[in-house]
Amino acid sequence: MMCNYFRFGGVAFDLPPGWVERCTAVVNNRLDGRINELDRYLSANEIVLDRCKGVGVLTREQAINLSTAGPVLRASGVAYDIRRVAPYGIYDRFEFDVITTPNGDLYDRYLVRLREMRESVKILKQALRDLPDGPILPGKKSYQIKVPAGEAYSRVENPKGELGYYVVSDGSATAYRYHVRSPSFINLTALEPMCLGHTIADVVGILGSIDIVLGEVDR
């Protein structure tokens, strides 16, 4: 459904009646409360602190040298978010903070994600407030785009980091060649240095803190 909704230059159909009101109610009245619950249950939990603080440390230098991205990179103190450094879509219209933490351990990777959830809600509130009226797809529907010959690389800030597509076109309707830069695969290269010196039980938490998608890794 989600992949079929987008079109070049717009979307497939308009939002159904009542959707904006329902979405606004969820964003304004529910999401902050749910995040607060997670914060209360986990952030000062004795077991969480004992198992996460100082475990799986990835230094700033290691995070940069291993080309990590997303929360894994920002939890090591690197304020890098593509929505800020190379804005796309309408992200340049939104007010939000790039969350970083200094320690690069398992707990900081959790904390960055928790705080980024709050920033996401902040963005949603602005998007709903400024949601425009007007045509959903200007001009004639196009199901296939003929791309000029050449090459291009484009990237977005995925929840797990930089998701990039490199495409080579020979001028036909299909790509001559393309390559996907998947953040799960790149971030996984940091697993070994984060695990050194820790127990087997710690490896489970460290791997979870990278937040990989296996299908993205082994494609």
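Details of the structure are given in the entry above.
Given the structure is predicted, the values throughout are model-derived calculations rather than measurements.

## Description of a nonpolar patch on the surface
Judged by side-chain polarity, Leu 38, Tyr 41, Leu 42 and Met 117 come together as a nonpolar surface patch covering roughly 360 Å² of accessible area. Here Met 117 shows up in helix α8 (residues 106-129).

## Some details on the sheet that holds strand β3 (residues 150-158)
Read across the sheet, three strands follow the order β3-β4-β5 without closing on themselves; strand pairing throughout is antiparallel. Of all the strands in the sheet, just β3 and β5 (177-181) have a single pairing partner and so form its edges. When strand polarity is set aside, the average angle formed by the axes of neighbouring strands in this sheet is 10 degrees. Across nine bridges, the pairing between β3 and strand β4 (residues 161-169) is antiparallel. Across the sheet, the residue bridging to Tyr 153 is Tyr 166, located in β4.

## A look at the environment of Arg 7
The residue Arg 7 is located in strand β1 (residues 6-7) in this model. For Arg 7, a relative accessible area of 24% translates into the label partly exposed. With 137 residues separating them along the chain, Arg 7 and Gln 144 place their C-alpha atoms 9.9 Å apart.

## Some details on the nonpolar core
If you look at the biggest cluster of nonpolar residues, it comprises 23 residues, and the most contacted ones within it are Leu 58, Tyr 107, Met 194 and Ile 206. Of all the elements in the fold, those that place two or more residues in this core are α2 (19-29), α4 (46-52), α6 (71-74), α8, α10 (191-195) and α11 (200-210). No other element matches α8, which puts seven residues into this core. Apart from residues no more than four positions distant in its own chain, Leu 58 is found in contact with Ala 63, Leu 66, Thr 68, Val 72, Ser 76, Gly 104, Arg 109, Ala 190 and Met 194.

## Some thoughts on the packing of aromatic side chains
If you walk through the whole model with that rule in mind, you get six aromatic pairs. For the ring pair Tyr 5 and Phe 13, a centre distance of 5.1 Å and an interplane angle of 65 degrees mean the geometry is edge-to-face. A residue is classified by how much of its surface remains accessible, and Phe 13, at 48% relative accessible area, is partly exposed. With 6.0 Å between their ring centres and 80 degrees between their planes, Tyr 91 and Phe 94 make a pair best called edge-to-face. The ring of Phe 96 carries Arg 84 above its face, with NZ or CZ at 4.0 Å from the centroid.

## Here we look at the side chain of Asn 187
Counting through the fold element by element, Asn 187 comes out in helix α9 (residues 183-187). Judged by its relative accessible area of 1%, Asn 187 falls in the buried class. Polar contacts involving the side chain of Asn 187 include one to the main-chain amide nitrogen of Ala 69, which spans 2.9 Å. The contacts of Asn 187, once residues within four sequence positions are left out, are Thr 68, Ala 69, Val 72, Lys 160 and Ile 210.

## Description of unusual backbone geometry
Even without being a glycine, Ser 67 presents a positive backbone phi close to 60 degrees. With respect to the helices and strands, Ser 67 occurs in the loop between α5 (60-65) and α6. In this structure, Asp 211 takes a positive phi of about 65 degrees despite not being glycine. Here Asp 211 is to be found in the loop between α11 and α12 (214-217).

## A few points about the pattern of salt bridges
Evaluated as defined, the whole model comprises 13 salt bridges. Residue Lys 125 is joined to Asp 32 by a salt bridge in which the shortest nitrogen-to-oxygen separation is 2.8 Å. Residue Lys 125 is located in helix α8, and its partner Asp 32 is located in helix α3 (residues 31-42); the two are separated by 93 residues in the primary sequence. In this structure, Arg 129 and Asp 130 form a salt bridge, with 3.0 Å as the shortest nitrogen-oxygen distance. Among the residues examined, Arg 129 registers a relative accessible area of 60% and is labelled exposed. Accessibility expressed as a relative area gives 46% for Asp 130, which makes it partly exposed.

Criteria and thresholds
Residues numbered from 1 in each chain as written. Predicted model: local features only at pLDDT ≥ 70, side-chain atom pairs only at ≥ 80, totals over all residues. Heavy atoms only, no water. Patch = residues over 30% accessible without salt bridge, like charges linked within 9 Å, V, L, I, M, F, W, Y side chains within 5 Å. Areas by Shrake-Rupley, 256 points an atom, 1.4 Å probe, with all protein chains shown as cover. Salt bridge = Lys/Arg side-chain N within 4 Å of Asp/Glu carboxyl O. Helix = DSSP H or I, 4+ residues; strand = E, 2+ residues; numbered from the N terminus. Pairing = 2+ DSSP bridges. Axes fitted to C-alpha atoms, helices over the stretch in contact; angles between N-to-C directions. Buried < 20%, exposed > 50% of the residue type's maximum accessible area, 1.4 Å probe, protein only. Core = buried A, V, L, I, M, F, W, Y, C linked by side-chain atoms within 4.5 Å. Contact = heavy atoms within 4.5 Å. Phe/Tyr/Trp six-rings, centres within 6.5 Å; stacked < 30°, edge-to-face > 60°. Lys NZ or Arg CZ within 6 Å of the ring centre and 35° of its normal. Polar contact = N/O pair within 3.5 Å; in protein donor to acceptor, adjacent residues only side chain to side chain.

Any functional reading would require information that these geometric values do not contain.
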